[in-house]
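# Understanding the architecture of this molecule
Read off the chains here:
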Amino acid sequence: MDLEEAKEFKERCTQCAAVSWGLTDEGRYYCTSCHNVTERSKEVINTGAIPNTKIQAINRGLKRKRKLEKGWDWYVCEGFQYILYQQAEALKTLGVGPELKNEVLHNFWKRYLQKSKQAYCKNPIYTSRREAVVLEENLSHSDWESEPELLSDFSMPSFVESGPESQSDVNTRKSFPIIKTSQSETASVCSGSLDGVEYSRRKEKGIVKMTVPKTLAFCYLSLLWQRETITLSDLLRFVEEDHIPYINTFQHFPEEMKLYGRDKAIFAIESWPDYEDIYKKSIEVATFLDLPRFPGITENCYLHPNILCMKYLMEVNLPDEMNSLTCQVVKITGMGEVDFLTFDPIAKMAKTVKYDIQAVAIIIVVLKLLFLLDDNLEWSLSNLAEKHNEENREDKPWFDFRKWYQVMKKTIDEKKQKWEESRAKYLWKSEKPLYHSSIDKSVVYKRREMVVNLQKQFSTLVDSTPTIEKKSPSSFQFNWTEEDTDKTCFHGHSLQGILKKKGQSLTTKNSLYWLSTQKFCKSYCKHVTTYEESNYSLSYQFILNLFSFLLRIKTSLLHEEVSLVEKRLFKTKYSKTKKKSSGSKKVTRYREK
């Protein structure tokens, strides 16, 4: 870039009307005031000594270089479209049906583009520096039943390119509104995308602004619509294990999609997705899209609490007999009803069930019904089970809570240590470095190259190469089998020492219960209740920590869900407590401190 050589260019800038020009590395003039780059370039003055054929060859080379340097003309929404495409392909690899990408996710994304007025409408919101004309034949109707035209019609998502297209191209690629542009348009040096600067500043009331975390919200809504066997916690765990693209997804963009400047703040992510955050974003997106009632969650669906409870009982190595008790709790509380489980975004209070957390909370309530979890009764019952198992080695063993606790604590501590180590070793820097402007590109790439070389040299010195093992995807994090001699499998153990016969049915020997929460927060609070570890027994803390790690959620979030299950199970007790502050007899014997 040479300011002296650019002094001969006297035209005013089309953006700020200033006459202050510089030259880019490619020989194009750019305004030093507003950083807009023009299509005009510095001409060769002295060509007498240069043969005509050589000039033509140089011009051809410059054109190729400039075209590659400039890349495609693309919008921010197309970047998100590419991320969604990658995530949909990853889900397909994990075993999800192709309908999720070809129909459901496609329609959700198309609906978002239309609702946010970015495409599929007569007056799309584009950058003010680019005059766009949307071809009428490419406009899509807003009907929910309309055929997919976005992600399903091609192997790779299409991008908007400058210049006219043939009719055959239009018919082949209906994925995005075809845009005609003038040849004299200018591009901002502040971002690689055409609308990066405008998009980062855009704050329109009633419009849900797209972000990288919201791509996971779209994926989860699509999975929920299809009633797939992937919960929200599974989805986020697959992201963490790098089975679903999320961190540094921009580095997989095509080379022609130049990304720098303001694009960095839009597409660069430097934190893991949070369960509660993605859950809220899912509701926000579904409400904004005005989606109809989702397909019903029936008893045969994977997301039904009866099935999920069975799955998590196997996961944490608890007896199979507990499944009948969880099913009873589901029936009494009404948590298995279709209307309760089905997500309806257009309802007055739009909210969806946290299916995985709810199932785990039901298991914890059953554990409290059986063992009380007061740091006393569970150990007394463990002594009885241990004595019976020693005297009756040939019979079916009774479930020993103490032995289960020891096995699970050792297993979960090892798993947690590996998880923390892998997180600490995670390389947040992308292989494709980001830079603030095209001017800084060479400096950033040189720095990145130097860092990589230093890492290689250091690895050679310590005789180690930093490799991160990529685990094969699985719905289960723990594997318990009878054949495994190292770890005891409790699936086949009996609850006979904890239950007693009463007529034709079995009841718990324990007749006491303490409520996790006696008084819920007011409606204007952002949380249902509070959780202070020191107020609860060590056994209850261990159970909460175990399941919280399993789902990668905060313990307070799980405690809230346990309290909500108890509220439905003991609604008469709660109503009595509300009327009379002294509380009920047995249910409130162990009160929240």
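Under an unreviewed UniProt entry, the name given to the protein is TATA box-binding protein-associated factor RNA polymerase I subunit B, and the source organism is Orycteropus afer afer. Turning to the protein, the UniProt record has this under Sequence similarities (unreviewed entry): "Belongs to the RRN7/TAF1B family." Under the Subcellular location (unreviewed entry) heading, UniProt states for the protein: "Nucleus, Nucleolus".

### Quick notes on the overall build of the protein
Along the protein, the regular secondary structure elements total 19 helices and 8 strands. Here the protein, with 593 residues, has 49% of them falling under the buried criterion. Taking all contacts inside the protein whose residues are at least 6 apart in sequence as the whole, residues at least 24 apart take part in 73%. Here the protein displays about 31,600 Å² of accessible surface, and carbon together with sulfur accounts for 50% of that area.

### With respect to the environment of Asn306
Topologically, Asn306 is positioned in helix H10 (residues 305-315). Note: C-alpha distance between Asn306 and Lys331 (25 residues apart in sequence) is 9.5 Å. Not counting residues within four places of it along the chain, the set of residues in contact with Asn306 comprises Asn323, Cys327 and Val330.

### Re the packing of helix H13 (residues 355-371) against helix H17 (residues 538-551)
Viewed as axis vectors pointing N to C, H13 and H17 meet at an angle of 160 degrees, and their least axial separation amounts to 11 Å. Looking at the two axes, H13 sits roughly antiparallel to H17. Considering the relative orientation of H13 and H17, their crossing is right-handed. Two secondary-structure elements touch here, H13 through Asp356, Ile357, Val360, Ile363, Ile364, Leu367 and Lys368 and H17 through Tyr540, Ile543, Leu544, Phe547 and Leu551. Class assignment for the residues of the contact of H13 with H17 results in 10 nonpolar, no polar and 2 charged.

Conventions and cut-offs
- Note that residues are indexed from 1 along each chain, following the sequence as it is written.
- Given that this is a predicted model, residues contribute local features only at a pLDDT of at least 70 and side-chain atom pairs are listed and counted only at 80 or more, while totals for whole chains, interfaces and linings are drawn from all residues.
- Only hydrogens and water are set aside when side-chain values are computed; all heavy atoms of the structure are taken into account.
- UniProt positions are given in the numbering used here, feature names are shortened, and annotations may be inferred rather than shown by experiment.
- By the criteria applied, helices consist of DSSP H or I runs no shorter than four residues and strands consist of E runs no shorter than two, each listed in order from the N terminus.
- For each residue, the accessible area found with a 1.4 Å probe, counting protein chains only, is set against the maximum for its type, and the residue is called buried under 20%, exposed over 50%, and partly exposed in between.
- The contact criterion used throughout is that any non-hydrogen atoms of two residues lie within 4.5 Å.
- Using a 1.4 Å probe, the Shrake-Rupley method yields the accessible areas, and only the shown protein chains count as cover for residues.
- A fitted line through C-alpha atoms serves as each axis, taken over the contacting stretch for helices, and the angle formed by two N-to-C directions is quoted from 0 to 180°.
- To sort the angles, those under 35 degrees are grouped as roughly parallel, those over 145 as roughly antiparallel, those from 65 to 115 as roughly perpendicular, and the leftovers as oblique.
- Should the near helix be turned anticlockwise from the far one by less than a right angle, the crossing is termed left-handed; should it be turned clockwise, right-handed.
- Just so you know the grouping, Ala, Val, Leu, Ile, Met, Phe, Trp, Tyr, Cys and Pro go in nonpolar, Asp, Glu, Lys and Arg go in charged, and all remaining residues, Gly too, go in polar.

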